Amino acid sequence: MRPRLALLILTLATVAGCAREPEVFSIRNARAHLEMLAGTIGSRPTGTEAHARARAYIIDQLTIFGYQVRVQETDASRPELGRTARVANIIAVLPGTRQEAIGLLSHYDSRGDTPGAGDDAFGVAVSLEAARLIAALPERQWTTYVLVTDAEEEGLLGAAALMNDPQVSERLATYINIESSGSDSPVTLFETGPDNGWLVAHWARGATRPR
C-alpha cells in the first residue's frame with residue numbers, strides 16, 4: 001500500500017474514533033480483496049453474474065466486520081445523459097456516538113473489457129480493509145458508512161441513486177472517494193468540497209509534500 005493512501009485511511013480512523021492508536025492497515029488483507037475481485041471474479045459489468053458474485057463477496061466481508069449491510073435496489077436515471085439502469089448499491093453502516101456519518105466511497109462494477117483492478121477493485125479493497133480497521137476501534141465518534149456503488153461505468157448511475165436514499169442524504173456529512181488510484185505513486189488528493197478543512201487538515205499534517 002502506498003504511504004499516502006495508508007495515511008488517508010489512518011486519517012479517517014483517527015477522525016472516526018478516539019485517542020487510542022488504531023490497528024495497522026494490512027496490505028495483505030487489501031491485496032486479498034483485490035485479487036478476489038479483479039482476479040478470481042474478474043470483469044464485473046453491471047447486471048452480469050460476475051457482478052452479482054462481487055456484490056455477495058463485499059456484503060459478506062462487511063457483515064463479518066460487524067456492519068449493518070443493505071442493498072439499495074432501484075432504477076437510476078441520468079436524464080441529462082439519456083441513461084437509465086437498474087442498480088444495486090451496497091450501503092454498510094457502523095454506528096458511532098454521533099448520528100452524522102463519514103463515508104468511504106468506491107464502486108464495484110467494471111467495464112466489460114477489463115478486470116477493473118485500478119477502476120475500482122483497488123478502491124473497494126481499500127474500503128474493506130479500512131472498514132475492518134474502523135470496526136476494531138474501541139470507540140467511534142462518527143457513524144461510518146461504507147458505500148460501494150453500482151453502474152459507475154454507465155455514467156455514475158449508482159451514485160445518482162445513492163443520493164436519493166434518505167438515510168444517506170440526511171446523515172452523510174462528508175465522504176472520501178477512492179477511485180482510479182492507479183498502480184504507482186504518487187497518490188493524489190485532487191479534489192475536495194467546501195468546508196472540508198477540518199478533514200483535509202488531518203491529511204495535510206502527514207502528507208510529505210502538500211500543495
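All of these numbers come straight from a predicted model, not from anything done at the bench.

So, how was this worked out
Throughout, a residue's number is its position along its own chain's written sequence, starting from 1. Per-residue local features are limited, in this predicted model, to residues with pLDDT of at least 70; the limit for side-chain atom pairs, both in listing and counting, is 80 or more; totals at the level of whole chains, interfaces and linings are taken over all residues. The basis for the side-chain values is all heavy atoms of the structure; hydrogens and waters are excluded. Any two of the Phe, Tyr and Trp rings considered here, Trp counted by its six-membered ring, make a pair once their centres fall within 6.5 Å; the pair's planes then place it as stacked at under 30 degrees, edge-to-face at over 60, or tilted in between. Note on conventions: DSSP H or I runs of at least 4 residues are helices, E runs of at least 2 residues are strands, and numbering of each starts at the N terminus. Ring-over charges, as used throughout, are those where CZ of Arg or NZ of Lys falls within 6 Å of the ring centre and within 35 degrees of the ring normal. Here the rule is simple: two strands pair whenever DSSP picks up at least two bridges between them. To obtain an axis, a line is fitted to C-alpha atoms, over the contacting stretch when the element is a helix, and the angle between two such axes runs from 0 to 180 degrees between their N-to-C directions. Residues count as neighbours in contact if any of their non-hydrogen atoms are within 4.5 Å of one another. Expected helix span is taken as 1.5 Å per residue step, with the number of steps being one fewer than the number of residues. Relative accessibility thresholds used throughout: buried, under 20% of the residue-type maximum; exposed, over 50%; partly exposed, between the two (1.4 Å probe, protein chains only). Any angle that falls under 35 degrees is termed roughly parallel, while one over 145 is termed roughly antiparallel, one within 65 to 115 roughly perpendicular, and all others oblique. By definition, turning the near helix anticlockwise from the far helix through less than a right angle yields a left-handed crossing, and turning it clockwise yields a right-handed one. When residue character is reported, Ala, Val, Leu, Ile, Met, Phe, Trp, Tyr, Cys and Pro are called nonpolar, Asp, Glu, Lys and Arg charged, and the others, Gly included, polar. Residues adjacent in sequence count toward polar contacts only when both atoms are side-chain atoms; beyond that, a polar contact is any pair of N or O atoms within 3.5 Å, and within protein one must be able to donate a hydrogen and the other to accept it. Within this scheme the basic residues Lys and Arg register as positive and the acidic residues Asp and Glu register as negative, but His and the chain ends are omitted. In the sections that follow, a salt bridge refers to a side-chain nitrogen of Lys or Arg positioned within 4 Å of a carboxyl oxygen of Asp or Glu. Joining through side-chain atoms within 4.5 Å is the link that ties buried Ala, Val, Leu, Ile, Met, Phe, Trp, Tyr and Cys residues into a set, and such a set is a nonpolar core.

### Topic: the packing of aromatic side chains
Then comes step 1: Tallied over the full model, the rule gives one aromatic pair.
Then comes step 2: Taking the centre distance of 5.3 Å and the plane angle of 10° together, the rings of Trp142 and Trp198 count as stacked. Highlighted residues: Trp142 in the loop between helix 4 (117-135) and strand 4 (143-149) and Trp198 in helix 7 (residues 197-206), separated in sequence by 56 residues.
Then comes step 3: For Arg98, the ring lying beneath its charged end belongs to Trp142, and the centroid distance is 4.2 Å.

### Points about the sheet that holds strand 4
Then comes step 1: Spatially, 1-2-4-3-5 is the arrangement adopted by the five strands of the open sheet, whose pairing is mixed. This sheet does not close on itself; its edge strands, each paired only once, are strand 1 (68-78) and strand 5 (172-177). Direction aside, neighbouring strands of the sheet carry axes that sit 25° apart on average.
Then comes step 2: In terms of strand pairing, strand 1 meets strand 2 (residues 83-94) through 11 bridges, oriented antiparallel. Its bridge partner being in strand 2, Gln68 is matched across the sheet by Val93.
Then comes step 3: The strands touched by helix 3 (residues 49-64) within the sheet are strand 1, strand 2 and strand 4, with strand 2 carrying the most contacts at an inclination of about 15°.

### Some remarks on unusual backbone geometry
Then comes step 1: The residue after Asp119, namely Asp120, is reached through a cis peptide bond having omega 10°.
Then comes step 2: Inspection of the secondary structure puts Asp120 in helix 4.
Then comes step 3: The phi dihedral of Ala151 is positive, around 55°, even though this residue is not glycine.
Then comes step 4: As for its placement among the helices and strands, Ala151 is situated in the loop between strand 4 and helix 5 (157-162).

### Considering helix 2 (residues 27-41)
Then comes step 1: Taking 1.5 Å of rise per residue, the 15 residues of helix 2 would be expected to cover 21 Å, and the 20 Å separating its terminal C-alpha atoms lies within 8% of that figure.
Then comes step 2: Looking at helix 2, one finds that the buried residues are Ala30, His33, Leu37, Ala38 and Ile41.
Then comes step 3: Looking at the buried side of helix 2, the elements it contacts are helix 3 and helix 4.

### Some words on the packing of helix 3 against helix 4
The packing of two helices is summarised by the inter-axis angle and the distance between the axes.
Then comes step 1: Between helix 3 and helix 4, the least distance of the axes is 10 Å, while the angle of their chain directions is 15°. When the axes of helix 3 and helix 4 are compared, the pair comes out roughly parallel. Helix 3 and helix 4 meet at a crossing whose hand is right-handed. Judged by residue contacts, Tyr57, Ile58, Gln61 and Leu62 of helix 3 engage Val124, Leu128 and Ala131 from helix 4.
Then comes step 2: Here the residues of the contact of helix 3 with helix 4 sort into six nonpolar, one polar and no charged.

### Remarks on the side chain of Gln72
Then comes step 1: With respect to the secondary-structure elements, Gln72 resides in strand 1.
Then comes step 2: At 2.9 Å, the side chain of Gln72 and the backbone oxygen of Ala161 are in polar contact.
Then comes step 3: In this structure Gln72 touches Val87, Ala88, Asn89, Ile91, Ala161, Leu162 and Asp165, once residues within four positions along its chain are discounted.

### Considering the side chain of Arg44
Then comes step 1: Position of Arg44 among the secondary structure elements: in the loop between helix 2 and helix 3.
Then comes step 2: Buried and unpaired, Arg44 has no salt bridge, with Asp109 as the nearest side chain of opposite charge at 7.4 Å.
Then comes step 3: From its side chain, Arg44 meets the backbone oxygen of Leu37 in a polar contact 3.1 Å long.
Then comes step 4: Excluding residues that lie within four positions of it along the chain, Arg44 makes contacts with Leu37, Ala38, Ala50, His51, Ala54, Tyr108, Asp109, Ser110, Pro115, Gly116, Asp120 and Ala121.

### Looking at the pattern of salt bridges
Then comes step 1: Taken as a whole, this structure holds six salt bridges when the rule is applied.
Then comes step 2: Among the salt bridges present, the one from Asp113 reaches Arg111, with a minimum N-O distance of 2.8 Å.
Then comes step 3: Since its relative accessible area comes to 59%, Asp113 is described here as exposed.

### Brief notes about the nonpolar core
Then comes step 1: By size, the foremost hydrophobic cluster in this structure holds 33 residues, and its most contacted members are Leu37, Ile58, Leu62, Tyr67 and Tyr108.
Then comes step 2: Looking at which element gives the most residues to this core, the answer is helix 4, with nine residues.
Then comes step 3: Leave out the neighbours within four places in its chain, and Tyr67 touches Leu62, Ala92, Val93, Leu94, Ala131, Ile134, Ala135, Thr144 and Val146.
Then comes step 4: Ala101, Leu105, Leu147 and Val168 belong to the second largest nonpolar core, which has nine residues in total.

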